[in-house]
Amino acid sequence: MAATAALVVAAGVLAGAVTVAGDDGPGRTEAVEGPRSGPAPSGHAASARPSRPSRPGGGAAAGAGRLYRYEGAQVVAWVRAHRDDPRSPLIASRIAARPAAVWFTDPRPWAVTAQVRAVTDRAGDRVPVLVAYAIPNRDCGGPSRGGVPRLAAYARWIERFAAGLGSREVVVILEPDAVALADCLSPGERSRRFAALARAGAVLKRANPAARVYYDGGHSGWHRAERQAAALRRAGAASPASSDGVFTNVSNFHRTAAEVAYARRVLTALGGPRGLGAVIDTSRNGNGAPADGRWCDPAGRSVGRPPTLRTGAARIDAYLWVKLPGESDGCRGRPGTFSPEYAYDLARG
């Protein structure tokens, strides 16, 4: 069973003051510009591919200010509706003010294009982070079960998802847990899933060459790097035609330093061009993972490093908030439901 993503179509944040984190946890408050992973217990093409600002010499300035902040998130709605709640200021500043990923889970291919386009159009020159989360047998029957019914339908779904990407820079987190959790499938099912993921990455990048597509790297407390890399290679993650690298720690709590080291080991074992990189979910890892390995809404966790496209770390393209703090893994409510109590606990750290 995987502690995976919230079942939401879109999520985001408000503008305002944010808390700048230290190594992994919350720190001082500062203004900014601009708009499960793991086993239980544990349109028009752009003219050029964008530079990777997080790499040394990567070009244009980047950071949290370049990331798109979508204002349709549950946390944003809650803050607006509960301004007199004593928890609201902290939740607003430490969670709702941060750029966060936008999840797409609607299994209807005919609906997803408009949903994606609504976000990419509104993002303008900012960089949205989009999560494609509709693979068949999603979460292997766990709390976030669902997805489209068959791989043939998934192929259509990805094509329609890609049609909404536009031509500007966008980050796509492709199917959390789809690789790391594939052991629940038969060998034949696993091979077909990996082929579908390889095709999906290629479809996304053909639709928008400015898109950066990242594949499921699990996390540092799960599979060995070499094992994960072998599966990722089969899923197309080593090919620049379909992949820009891997993501780790989505919906989990492992510290950033451990994830950086793990992601680099995965990339080394994966092979492929040197330009492949990694993004790390730092949304809830400020206090690290629980000692008992719990992944489902565990107590005592904290928000982590602020999202940024400038990490200063070799081969680490971004720290992103992929999992949405305050939205349940399935233990404090149905997966994806917002809990102000949980959000407040994470904001306090």
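All values reported here derive from a predicted model rather than from experimental measurement.

**Q** With reference to specific residues and values, describe the packing of helix α2 (residues 88-96) against helix α8 (residues 340-348).
**A** In contact at an axis separation of 9 Å, α2 and α8 are set at 70 degrees when each is read in the N-to-C sense. As the angle between them shows, α2 and α8 are arranged roughly perpendicular. Crossing of α2 against α8: the hand is left-handed. Residues Leu90, Ile91, Arg94 and Ile95 of α2 form the contact with α8, whose participating residues are Pro340, Ala343, Tyr344, Ala347 and Arg348. Here the contact of α2 with α8 is composed, by residue class, of seven nonpolar, no polar and two charged.

**Q** How would you summarise the sheet that holds strand β6 (residues 211-216) if you had to cite specific residues and measurements?
**A** An order of β3-β4-β5-β6-β7-β8-β9 is seen for the seven strands of this open sheet, with the pairing classed as parallel. The sheet is open, and its two edges are formed by β3 (102-104) and β9 (316-320), each paired on a single side. Ignoring strand direction, the axes of neighbouring strands in this sheet form an average angle of 25 degrees. Here strand β5 (residues 170-174) runs beside β6; their pairing, made up of five bridges, is parallel. The partner of Val172 across the bridge, within β6, is Val213. Across the face of the sheet, helix α3 (residues 109-123) comes into contact with β3 and β4 (129-132) while running at roughly 170 degrees to β3.

**Q** Talk me through the packing of aromatic side chains; I want residue IDs and the actual numbers.
**A** Taken as a whole and judged by the stated rule, the model has six aromatic pairs. Between Phe104 and Phe161, the ring centres sit 5.7 Å apart and the planes meet at 90 degrees, which makes this aromatic pair edge-to-face. With a gap of 57 residues between them, Phe104 in strand β3 and Phe161 in helix α4 (residues 151-162) connect regions that are remote in the sequence. Phe161 shares its class with Phe104; the two are buried. Following the ring pairs from residue to residue traces out a cluster consisting of Phe104, Tyr154, Trp157 and Phe161.

**Q** A description of the state of the cysteines should follow, citing residues and the corresponding values.
**A** Across all of its chains, the model carries two disulfides by this definition. One disulfide bridge connects Cys140 with Cys184, the sulfur atoms lying 1.8 Å from each other. Its torsion about the S-S bond being -65 degrees, the disulfide of Cys140 and Cys184 is classed as left-handed. Remark: Cys184 occurs in the loop between β5 and α5 (187-207) and Cys140 occurs in the loop between β4 and α4; sequence separation between them is 44 residues. Take Cys140: its relative accessible area is 25%, and that puts it in the partly exposed class. You can call Cys184 partly exposed: its relative accessible area is 41%.

Thresholds applied
- Residues numbered from 1 in each chain as written.
- Predicted model: local features only at pLDDT ≥ 70, side-chain atom pairs only at ≥ 80, totals over all residues.
- Heavy atoms only, no water.
- Axes fitted to C-alpha atoms, helices over the stretch in contact; angles between N-to-C directions.
- Helix = DSSP H or I, 4+ residues; strand = E, 2+ residues; numbered from the N terminus.
- Parallel < 35°, antiparallel > 145°, perpendicular 65-115°, else oblique.
- Left-handed = near helix turned anticlockwise from the far one by under 90°.
- Contact = heavy atoms within 4.5 Å.
- Nonpolar A, V, L, I, M, F, W, Y, C, P; charged D, E, K, R; others polar.
- Pairing = 2+ DSSP bridges.
- Phe/Tyr/Trp six-rings, centres within 6.5 Å; stacked < 30°, edge-to-face > 60°.
- Buried < 20%, exposed > 50% of the residue type's maximum accessible area, 1.4 Å probe, protein only.
- Disulfide = S-S within 2.5 Å.

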